[in-house]
Amino acid sequence: MTSTDLVPFMLRRPGAPFPPPEYADFRERPGLVKAALPSGETVWLVTRHEEVRSVLTDPRISSNPTHEGFPRPSRTVGAPSADDVPGWFVSLDPPDHNRFRKALIPEFTVRRIRSLRPAVEEIVDRSIDQMTAKGDSADLVEDFSLSVPSLVISSLLGVPKVDRDFFEEKTKVLVTLTSTDEERDKASEHLLRYINRLISIKSKRPGDDLISKLLQGGLLTPQELSGVAMLLLIAGHETTANNISLGVVTLLQQKQWIGDERAIEELLRYHSVADLVALRVAVEDVEIGGQLVRKGEGIVPLVAGANHDPEVFERPHEFDPSRSATGHVAFGYGVHQCLGQNLVRLEMDVAYRGLFQRLPNLEIAVPLEELQFKYDGVLFGLHALPVRW
């Protein structure tokens, strides 16, 4: 393949509308699409549903960024390794990855997450109270969508209520695109220091929280637990916030909240927030979709491409809350499938019920074409969502 065959790819959503029309073009091409990243690296883009799932389950394909050829487009875009951050287990392959999942799975079962509903409802109600106390309009992203998951995760980890404003403030710095590298580094340093201190306290005075239970389980070292807490904080915060905000926009266009599991699954499929996070590299020669991918070549499975594959989802560009979208890969697939997916579903459900029941006149305060979507980030979402009621 010559350089003229390369497709430039910025490792971000190409732009409106979503799904990006480029993804449909990529799907229609035979085999895979060879793309050039801004760093000059070349990668294979995978857009068809069947092939994305194959990439995410093939043991010859790794999520470990220490392997030669793993896509690392820049310092702030790309996965850290478990060597950089002990406990950052999403960057580990089996069998190392399995120890972390074994420790965490009992805390993220459907039954366990259902038991958290009253606590999440309290957080959502309090967040709506604080938002409405300011007047009859707000930026839903800043005043609600970012706050709810931060408070849920801090509660899950056992952060004392008096410290949750600090926790939320530092978390927002990490996930806000306008933050500088220096600001993110400082916020990360402060959070890690706080989490390490919290782990030390919980080891002496355990409570009914995730950190205490993981300490008691004995499968993770305190240093690994610190990294796990940071991973849950970062992975679960902006992803959930983006899903909440985008879902509000889509549901308001439907003129009603369709309160069932199918609507949540369809929102997850339709928006595919974590489109570009599943970076991979081949550690052996492997054939994908008829294309030979050599050992050491980077691979980018496009989640939104898979979730809008017309071979799997009829009229995929339409939001259809009556469809069964359970085959989507919004949370990944296989051994690296998101552990916190049931928590994200719960937060979305409680957030929509709270907003639409308490604010029946909720509406977007600007024309839809003026909304600023996150086309410049790895995760898709909204920079702001002006609303009124």
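Not measured: the values here are computed from a predicted model.

Draft legend 1. Structural view of the overall build of the protein chain. When helices and strands are tallied, the protein chain shows 14 helices and eleven strands. Along the first, second and third principal axes, the C-alpha atoms of the protein chain reach 60 × 50 × 40 Å. Counting every position in the protein chain, which comprises 389 residues, the buried fraction comes to 54%. Considering only contacts in the protein chain between residues 6 or more positions apart, those separated by 24 or more positions represent 70%.

Draft legend 2. Main features of the environment of Leu 382. Relative to the helices and strands, Leu 382 is located in the loop between strand 10 (363-364) and strand 11 (386-388). Put simply, Leu 382 and Gly 87 are 295 residues apart on the chain and 29 Å apart in space, counted from C-alpha to C-alpha. When neighbours within four sequence positions are excluded, Leu 382 is seen to be in contact with Val 141, Asn 242, Ser 245, Leu 246, Val 249, Leu 371, Gln 372, Phe 373 and Lys 374.

Draft legend 3. Broad picture of the packing of aromatic side chains. Under the definition given, this model contains six aromatic pairs. Measuring from centroid to centroid gives 6.4 Å for Tyr 352 and Phe 356, while their planes differ by 25 degrees, and the two rings are stacked. Placement of both Tyr 352 and Phe 356 in helix 14 (residues 341-358) is noted, with a separation of four residues, approximately one turn of the helix. Like Tyr 352, the residue Phe 356 is buried in the burial classification. Its guanidinium or amino end placed over the ring of Phe 100, Arg 99 lies 4.6 Å from that ring's centre, counting from NZ or CZ. Over the ring of Phe 313 we find Arg 269, and its NZ or CZ is 5.3 Å from the ring centre.

Draft legend 4. Spatial organisation of the packing of helix 11 (residues 222-254) against helix 14. Closest axis-to-axis distance for the helix 11/helix 14 pair is 10 Å, and the angle between their directions is 45 degrees. When the axes of helix 11 and helix 14 are compared, the pair comes out oblique. Crossing of helix 11 over helix 14 shows right-handed handedness. Between helix 11 and helix 14, the residues in contact are Thr 240, Asn 243, Ile 244, Gly 247, Val 248, Leu 251 and Leu 252 and Val 344, Glu 347, Met 348, Ala 351, Tyr 352, Leu 355 and Phe 356, respectively. Along the lines of polarity and charge, the residues of the contact of helix 11 with helix 14 split into ten nonpolar, three polar and one charged.

Draft legend 5. Just helix 1 (residues 21-28), in detail. Inspection of helix 1 places Tyr 23, Phe 26 and Arg 27 among the buried residues, and these make up the whole buried set. Within helix 1, the buried residues cover an arc of 100 degrees as seen down the axis, which keeps them to one side. Looking at the buried positions of helix 1, the neighbouring elements they touch are strand 1 (7-8), strand 2 (33-36), strand 3 (42-46) and helix 13 (303-307).

Draft legend 6. A look at the pairing of strand 9 (residues 298-301). Side chains Gly 298 and Val 300 of strand 9 all project onto a buried face; the interleaved residues Ile 299 and Pro 301 project onto the opposite face, where all are buried too. By the bridge criterion, four bridges tie strand 3 to strand 9 in an arrangement that is parallel. Counterpart to Val 43 in the pairing with strand 9 is Gly 298. Sheet topology note: the strand 6 (residues 280-282)/strand 9 ladder contains two bridges and is antiparallel. Looking at strand 9, one finds that Val 281 is bridged to Gly 298.

Draft legend 7. Examining the side chain of Thr 240 more closely. Of note, Thr 240 is situated in helix 11. Not counting chain neighbours up to four residues away, the residues in contact with Thr 240 comprise Pro 149, Val 344 and Glu 347.

Draft legend 8. Molecular detail of the sheet that holds strand 5 (residues 137-139). Spatial strand order, 5-11-10: three strands in an open sheet with antiparallel pairing. Since the sheet does not close on itself, it has two edges, and those belong to strand 5 and strand 10, each with one partner. Across three bridges, the pairing between strand 5 and strand 11 is antiparallel. Residue pairing in the sheet places Asp 139 in a bridge with Pro 386 of strand 11.

Draft legend 9. Just the pattern of salt bridges, in detail. One pass over the full model with this rule turns up 26 salt bridges. In this structure, Glu 51 engages Arg 48 in a salt bridge whose closest nitrogen and oxygen atoms are separated by 3.0 Å. Accessibility classification places Glu 51 together with Arg 48 in one group, the buried group. Through salt bridges with shared partners, a single ionic network connects Glu 107, Arg 112, Asp 208 and Lys 213.

Draft legend 10. Broad picture of the environment of Glu 347. Assignment of secondary structure puts Glu 347 in helix 14. With a relative accessible area of 1%, Glu 347 lands in the buried category. For Glu 347 and Val 124, which are 223 residues apart along the polypeptide, the C-alpha to C-alpha distance reads 8.6 Å. Those residues in contact with Glu 347 that sit more than four places away from it in its chain are Val 120, Val 148, Pro 149, Val 152, Thr 240 and Ile 244.

Draft legend 11. Local environment of the nonpolar core. Among the nonpolar cores identified, the biggest contains 84 residues, and Phe 144, Tyr 352, Leu 355 and Leu 385 are the most heavily contacted of them. Tallying contributions element by element places helix 11 first for this core, with 14 residues. Dropping the residues within four chain positions of it, Phe 144 is found in contact with Val 124, Ser 127, Ile 128, Met 131, Asp 139, Ile 244, Ala 351 and Leu 355.

Parameters at a glance
- Residues numbered from 1 in each chain as written.
- Predicted model: local features only at pLDDT ≥ 70, side-chain atom pairs only at ≥ 80, totals over all residues.
- Heavy atoms only, no water.
- Helix = DSSP H or I, 4+ residues; strand = E, 2+ residues; numbered from the N terminus.
- Buried < 20%, exposed > 50% of the residue type's maximum accessible area, 1.4 Å probe, protein only.
- Contact = heavy atoms within 4.5 Å.
- Phe/Tyr/Trp six-rings, centres within 6.5 Å; stacked < 30°, edge-to-face > 60°.
- Lys NZ or Arg CZ within 6 Å of the ring centre and 35° of its normal.
- Axes fitted to C-alpha atoms, helices over the stretch in contact; angles between N-to-C directions.
- Parallel < 35°, antiparallel > 145°, perpendicular 65-115°, else oblique.
- Left-handed = near helix turned anticlockwise from the far one by under 90°.
- Nonpolar A, V, L, I, M, F, W, Y, C, P; charged D, E, K, R; others polar.
- Arc of directions from axis to C-beta.
- Pairing = 2+ DSSP bridges.
- Salt bridge = Lys/Arg side-chain N within 4 Å of Asp/Glu carboxyl O.
- Core = buried A, V, L, I, M, F, W, Y, C linked by side-chain atoms within 4.5 Å.

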